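One letter stands for each residue in the lines below.
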Amino acid sequence: MTSTIDAPPTPHVNRPFLLPSLYAGNARSVMERGILSTAKTNWLIVVSGFFEPVFYLLAMGIGLGSYIGAIQVPGGHTVPYAAYIAPALLAVAAMNGAVFDSTWNVFFKMNFGKLYDGMLATPLGPFDVALGEILLALARGFVYACGFMIVMQVLGLNLSWTAILALPSVLLIAFAFASFGMGITSYMKTFQHMDWINFIMLPMFLLSATFYPLTVYPEWMQVAIQAMPLWHGVELVRGFTTGLVTSAMLWHVLYFVVMILVGMTLTTRRLKSLFLD
Amino acid sequence: MTTTPLPEERIARLEGSPADKAIQGGVKPRRYGSLYVAETRLRVMRSYLQTMVATGVGTPLIYLYALGVGLATLVDANLGSGGGSQVSYLIFVAPALLCSAAMTTATEEFSYPIMLGFKWNPTFFAMNAAPMRGGQIINGVTFAVIVRLVAQSIVYYLFMLLFGAIPGPYGWLIIVVGVLTGMALGTMLMAYAVRLEEDKGQFNYIMRFGVIPLTLFSGTFFPLSVLPVWLHWIGWISPLWHGTELSRVLSYGYDEPVWLSIVHVTYLVLLIVVGWILARRLAVKRLNK
Amino acid sequence: MISATNLTKKYKDFAAVDGISFEIAPGESFGFLGPNGAGKSTTMRMIGAVSTRTSGDLSVIGLDPNEYGPEIRSQLGVVPQEDNLDSELRVRDNLIVYGRYFGLPHSYLGPKADELLAFAQLTEKAKSRIDDLSGGMKRRLTIARALINNPRIMMLDEPTTGLDPQARHILWDRLFRLKEQGTTLVLTTHYMDEAEQLCDRLVVIDKGAIMAEGSPSALIRQYSTREVLELRFGSNRNADVATQLEGLAERIEVLPDRILAYSDNGDAAMQRVIELGLNPLTSLVRRSSLEDVFLRLTGRSLIE
């Protein structure tokens, strides 16, 4: 052997069965890049995101909860107020994390960082990029959710063993919001456009049976809120953490599965038309 | 350092000279500079008008409805009266919501936009290369934010009337208190932002560990007395707590000693004055390095 | 118009500008030539009354910048190195808003803005966003903005850095017109061709101090030969060959990628190189430029 440097390995490109022109089966590399950049720059910010729902839980659940006491939920059960809003805050945290990662972060990368142009000049396809970014958002959301679950456990707000099922629920919720959020972001051109995302998020956060039951509202408003995704998330997580599990919760799951399918299709199509056409 | 000012007689001798023209050229910028800067800032805000109107109208509507109507059903049903006082939860929480909205807007206006003007799109340096001085730039920016806060608080107040959240005759004064609350935190934040050379997510931390906890633990959604005594200091240092308590006095005659109301006003004004002066000094320093 | 004596600016112990003296006459076009970090921008900012000097004397339009900042700035048009146009405002609004800082009324600013947009060849872009402009357009807009107050003195900090050749020529043309109208131009540059194009007189500045002063042609005459022979022998051979070239020209400079032989007759020098049997890979005879002056004065290239 005379050569001191090994010949580079031949680049290997998967040809997955699905979407061969859009997907190189390498979403992992997109995730690795994301983790690396987070580790190098803003991991503390990422960690700090964990505290926001905890502050809300302490203030609203325990502070305000002392005025409210227990709350009646459908089926005639009563639940302490803190145990009522904690799962809602968990669902909200999943939504916020996923939406932030898939909208603001993606918006910057698309419009300022020009990151995706570089990625798509390699064998990676738009589906790899979309999937990679979304899985990264999920990973982050999952870490928050685990932290929050521990807090809930310590405060005695997990009322049943089924609470453990809240974790996969959170992943499902985050996946749905992230896939949809990224698709929508691909249409955004300016910061003003991005502000409209907050206009949808804020009412959803406050009105989706987060802090009080839907029965407060008139009929038409209940229907409107039940059409929004966050309500399904709140109800799903709440069912598991309070242990009041019903078969109707399958509808929530179905809602998110459909949302994921639509969201992923939208996102992949948009990335393709933005970067490859 | 040789900074001998030009003697008066020499200026007189330069009548009609370039120096004389320069001195004339400096008169208006020196006198009205702050207003010129405010004019620019309002013009910039106009390009965000859509978002601002949507926030200005949407925020009070949603918050007053969600908390003052929705959540109120739980609180009132349980206590008969809200927040440990004699009034309904809507009346209790509404003034806090107005003050908290003002604080949020001020946080927004005095963080990234300041950093933008000094660093990412250094328009403050452009103003300073024109005849504007650092202090005037800070004044102008501050005036423009005050205009926005006043407009936003008026809208909030009108929604409060609509929801029937203001029983007392002096309720309109909480518009002023709201602006003071926003400015108290805002000018301090501005002073910090003026100094900030590099954004490493500091504003994120300030939001997460400053503004959000203040919003939640300043006697906004429930009185400070609910918290354990060792957490009461959060209220005492929080401009939001001082603003909210004062608003409650004005809105529905919340019972507190007069000296405490005086403390509220004094504290808010003090923060504004200190923050403003500090921001002006630091701006001059940064612009004239 | 501007006069400085022993002008000094220190940041802690570091002297960014170290006791420089110069005079700039009305209507003159005056340049500061030097590499990055030489102290050009700091000097410009002191003249522009946005940086307080540490010591020395400075008078701009007969006034002391420390005392009369706004007054002096009311007579200046400043084009900074980094564009600081307001990206939140449209092109034309940038001009109007800037004019307001001088206390100029809207009635004056409207027509003036249109006139300046025409001057900067940006009339069609009046309503565009700043982010949609090319680098050259932005720079032209910044110059138009600086002219909103009919300044007596234009201060240009690296006016064409980062622009493509065509954009540079358009810009030089606009600046030349201003010069013809009698505006005093003060500019910094690290481009020789720019200094030669625009400056009546310049100072070469390095490490905060003035190395030489004069018109571009006078500086070349004084510090360099009429012509330069550039030889390339390949990066491995340059240094070896250099010793054999001694005596063949007035002065030899060995750079990493080439050898410069200074001689009043470049062709004759080339002839001798060939007679010596030193086959260069490439050779070029050119006229001396300010780059050569700088190399002579500091032993370094301007652009490293």
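Everything discussed here concerns the structure shown above.
Model, not experiment: these values are computed from the prediction.

Draft legend 1. Broad picture of a nonpolar patch on the surface. Together, W43, L44, V47 and F51 of chain A together with F209 of chain B give the surface a local cluster of nonpolar side chains, amounting to about 460 Å² of exposed area. Top element by residues in the nonpolar patch is helix 2 (residues 43–48) of chain A. It accounts for three residues. By the element assignment, F51 of chain A lies in helix 3 (residues 51–68).

Draft legend 2. Main features of the packing of helix 3 (residues 91–100) of chain C against helix 4 (residues 106–119) of chain C. All names here are of chain C. Taken N-terminus to C-terminus, the directions of helix 3 and helix 4 make an angle of 135°; their axes are 9 Å apart at the nearest point. Between helix 3 and helix 4, the angle is such that the two are oblique. Crossing of helix 3 against helix 4: the hand is right-handed. For the pair helix 3 and helix 4, contact is made by V91, R92, L95, I96, G99 and R100 and by H106, L109, G110, A113, D114, L116 and L117, respectively.

Draft legend 3. Fine view of the interface of chain C and chain B. The interface is formed by 42 residues belonging to chain C together with 41 residues belonging to chain B. Of all residues in chain C, R73, E88 and Y101 of chain C give up the largest surface area on contact with chain B, accounting jointly for 19% of the area buried on that side. Linking chain C with chain B are three salt bridges. Notably, a salt bridge pairs R43 of chain B with D93 of chain C, separated by 3.4 Å at the nearest N-O pair. Linking chain C with chain B are 18 residue pairs in polar contact (both at pLDDT 80 or more), by the criterion used here. Looking at the side of chain C that touches chain B element by element, the count peaks at five residues for helix 3 of chain C. Here the residues of the side of chain C that touches chain B sort into 14 nonpolar, 13 polar and 15 charged.

Draft legend 4. Quick look at the sheet that holds strand 8 (residues 201–206) of chain C. Residues and elements named next belong to chain C. Pairing is mixed across the open sheet formed by six strands, whose spatial order is 5-6-7-3-8-9. Two strands in the sheet have a free side with no partner beyond their single neighbour: strand 5 (76–79) and strand 9 (209–214). Direction aside, the axes of adjacent strands within the sheet are offset by 15° on average. As judged from the four bridges shared by strand 3 (residues 29–33) and strand 8, these two strands associate in the parallel manner. Within strand 8, the position partnered with F32 by the bridge is V203. In this fold helix 6 (residues 165–180) packs onto strand 3, strand 6 (153–157) and strand 7 (184–189), with an angle of close to 145° to the strand it touches most, strand 7.

Draft legend 5. Up close: the pattern of salt bridges. For the structure on display, the rule yields 30 salt bridges over all chains. For R286 of chain B, the salt bridge identified is with E197 of chain B, shortest N-O distance 3.6 Å. Of this pair, R286 of chain B sits in helix 12 (residues 258–287) while E197 of chain B sits in the loop between helix 8 (174–195) and helix 9 (202–217), and the two are 89 residues apart along the sequence. Exposure remark for R286 of chain B: the relative accessible area of 10% places this residue in the buried category. R53 of chain C is the salt-bridge partner of D64 of chain C, the closest N and O atoms lying 3.1 Å from each other. Of the two residues, D64 of chain C is situated in the loop between strand 4 (55–60) and helix 2 (69–73) and R53 of chain C in the loop between helix 1 (40–47) and strand 4; the sequence distance between them amounts to 11 residues. Assigned by exposure class, D64 of chain C and R53 of chain C land together as buried. Each of E230, R232, D257, R258, R286 and D292 of chain C takes part in a single network of salt bridges with overlapping partners.

Calculation notes
Residues numbered from 1 in each chain as written. Chains lettered and ligands numbered in written order. Predicted model: local features only at pLDDT ≥ 70, side-chain atom pairs only at ≥ 80, totals over all residues. Heavy atoms only, no water. Patch = residues over 30% accessible without salt bridge, like charges linked within 9 Å, V, L, I, M, F, W, Y side chains within 5 Å. Areas by Shrake-Rupley, 256 points an atom, 1.4 Å probe, with all protein chains shown as cover. Salt bridge = Lys/Arg side-chain N within 4 Å of Asp/Glu carboxyl O. Helix = DSSP H or I, 4+ residues; strand = E, 2+ residues; numbered from the N terminus. Axes fitted to C-alpha atoms, helices over the stretch in contact; angles between N-to-C directions. Parallel < 35°, antiparallel > 145°, perpendicular 65-115°, else oblique. Left-handed = near helix turned anticlockwise from the far one by under 90°. Contact = heavy atoms within 4.5 Å. Buried area = accessible area lost by both parts, 1.4 Å probe. Polar contact = N/O pair within 3.5 Å; in protein donor to acceptor, adjacent residues only side chain to side chain. Nonpolar A, V, L, I, M, F, W, Y, C, P; charged D, E, K, R; others polar. Pairing = 2+ DSSP bridges. Buried < 20%, exposed > 50% of the residue type's maximum accessible area, 1.4 Å probe, protein only.

Honestly, it's all geometry; don't read function into it.
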